[in-house]
Amino acid sequence: LPSLLCLGDCQLQTPCQIQKCTTDFVSLTSHLNSALEGFDLEFCKALRAYSACTYRNSKVCRGNLVYHSAVLGISDLMSQRNCSKDGPTSSTNPEVTHDPCNYSGHTEAREYQGGEKTPTITYLFCGLFGDPHLRTFKDRFQTCKVEGAWPLIDNNYLSVQVTNVPVVPGSSATATNKITIIFKSYQDCTDQKVYQAVTDDLPAAFVDGTTSGGDGNTKSLRIVEKLSGKYVEMHAKYIGTTVYIRQLGHYLTLAIRMPQELVMAYEESQDLQLCVNGCPSSERIDDSGHLPLPVMGQLLPQGGAAHPRSVYTLETATTKCHEKMLVKDIYFYSCVFDLLTTGDANFTAAAHSALQDVEALHPRKEHWHIFPSSGGGGVGKGSKFFVSLRLVCLILVVFL
């Protein structure tokens, strides 16, 4: 009899575990990106695991309103995502789900074992476009000349090098016409893979002709062609890194998101990285944020007419850029400067696409826009950018 009483008492005191079910579901889905391939599959697996957890707690949670809300919520999500009730489920045991070629899963397992239930990965963003304008991993914005080959990134996992050429004679402004990326070999996830893009040759494959690295089933590294010859994406799941490369007009743009701990994994000899430390002061076109007057007197090269004389005034350049970018942030002003410098309308599309890439890859929405007059948001004095009234007057004089 005492034994039976104990059993009955123990059952009555068993707590409802709906909170743990919900926490496990959040842990399984927080790292998923709805824009990436395979999202629905993983999300449905997590939903089925969530549903199974609520079923196991159905008796002890019968009078719990949170439990009943969760059950209804699961049903609605399954309908929205067309998830079948039967199928594989995600495991909440990191020792079972640990995949060395999935950076998010590997980090989740490591942090779970360290006592953290919610995985936190700090991602950083770097972008290069236009004349060229550089947004560093520290959200500092610079305009540089950096003619020739320069390293954007050079750490233990990834190397990215860009080659910049002069845009118009008589101006120190350059733009990118070649990008070389080396994904370094990593465990069994991938052999070393080299990608190279040049103007009018934006391939959807690595130099060796392959489109993925590592096991063909897991695709820990892969290339996705979004627009033939104009836009490709690279997804390196094993290092949690995404790269976008576009061709707009005659030049290339690049945007990359990478985990902070991998960005900082480099030796002292690798400190020349534009994405990490910005451009050397000798290579800066802007002077404490002020850009010099675009040289408009010699736009026609000797014996050729690759770049016709700019037809843009400050007013028409502003109007043109405003068609694509309603917010007058740093990307808008970069667009205006590029139009006045080159007369090439493709730079408008480059600035607009660069901002779109920020919105797709930058982890913090409040930092998407950098404003010329702002002193916060990680933007230092040396990276503020604006066209002063004095500069405006000088530009107008040139066009008159």
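Conventions used here
Residue positions are given per chain, counted from 1 along the sequence in the order it is written. Confidence filtering applies because this is a predicted model: local features only for residues at pLDDT of at least 70, side-chain atom pairs given and counted only at 80 or more, and all residues used for totals across whole chains, interfaces and linings. Where side-chain values are given, they derive from all heavy atoms of the structure, hydrogens and water being excluded. UniProt positions are given in the numbering used here, feature names are shortened, and annotations may be inferred rather than shown by experiment. An axis is simply a line fitted to the C-alpha atoms; with a helix, the fit covers only the stretch in contact. Between two such axes, the angle follows the N-to-C directions and lies from 0 to 180 degrees. Each helix corresponds to a stretch of at least 4 residues labelled H or I by DSSP, and each strand to a stretch of at least 2 residues labelled E; elements are numbered beginning at the N terminus. Any angle that is under 35 degrees is reported as roughly parallel, and any over 145 degrees as roughly antiparallel; angles of 65 to 115 degrees are reported as roughly perpendicular and all others as oblique. In this scheme, a crossing is called left-handed if the near helix is turned counterclockwise away from the far one by less than a right angle; it is called right-handed if the turn is clockwise. In this description, contact between two residues means that some pair of their heavy atoms is separated by no more than 4.5 Å. Ten residues, namely Ala, Val, Leu, Ile, Met, Phe, Trp, Tyr, Cys and Pro, are considered nonpolar, four, namely Asp, Glu, Lys and Arg, are considered charged, and the remaining ones, Gly among them, are considered polar. In plain words, nonpolar cores are sets of buried Ala, Val, Leu, Ile, Met, Phe, Trp, Tyr and Cys residues tied together by side-chain atoms within 4.5 Å. Only protein chains enter the accessibility calculation, which uses a 1.4 Å probe; a residue is then buried when its area is under 20% of its type maximum, exposed when over 50%, and partly exposed in between. Being paired, for any two strands, means DSSP has found at least two bridges between them.

Under an unreviewed UniProt entry, the name given to the protein chain is RGMB protein, and the source organism is Oceanodroma tethys. Looking at the protein chain in UniProt, the text filed under Sequence similarities (unreviewed entry) is "Belongs to the repulsive guidance molecule (RGM) family."

1. Some details on the packing of helix H10 (residues 330-342) against helix H11 (residues 346-361)
Two elements in contact, H10 and H11, have axes separated by 8 Å at closest approach and are oriented at 160°. Between H10 and H11, the interaxial angle falls into the category roughly antiparallel. Relative to H11, H10 is oriented so that their crossing is right-handed. Residues Tyr331, Cys335, Asp338, Leu339 and Thr342 of H10 form the contact with H11, whose own contacting residues are Phe347, Thr348, Ala351, Ala354, Leu355 and Val358. Taken together, the residues of the contact of H10 with H11 break down into eight nonpolar, two polar and one charged.

2. A short note on the nonpolar core
Formed by 43 residues in total, the largest nonpolar core has its most connected members in Leu152, Ile181, Tyr195 and Ile245. Here this core takes four residues from strand E12 (residues 251-259), the largest share from any one element. Discounting residues that sit within four places of it in the chain, isoleucine 181 has contacts with Leu158, Ser159, Val160, Lys193, Val194, Tyr195, Met234, Val243, Ile245 and Leu254.

3. Re the sheet that holds strand E3 (residues 141-143)
Spatial strand order, E3-E2-E1-E12-E11-E10-E9-E8: eight strands in an open sheet with antiparallel pairing. Strands with a single pairing partner mark the edges of an open sheet, and in this sheet they are E3 and strand E8 (212-213). Relative to E12, strand E11 (residues 241-248) runs antiparallel, the two sharing seven bridges. Looking at E12, one finds that isoleucine 245 is bridged to leucine 254.

4. Let's talk about the side chain of arginine 222
Relative to the assigned elements, arginine 222 resides in strand E9 (residues 221-227). If sequence neighbours within four positions are ignored, arginine 222 has contacts with Glu37, Thr211, Ser212, Glu233, Met234 and His235.

5. So, the sheet that holds strand E4 (residues 148-154)
Pairing is antiparallel in the open sheet, where four strands are placed in the order E4-E5-E6-E7. With one partner strand each, in any of the chains shown, E4 and strand E7 (193-198) form the two edges of the open sheet. Here the average twist between neighbouring strands, direction ignored, is 20°. When E4 meets strand E5 (residues 158-166), the two strands line up antiparallel, connected through six bridges. Residue pairing across strands places proline 151 opposite glutamine 161, the latter belonging to E5.

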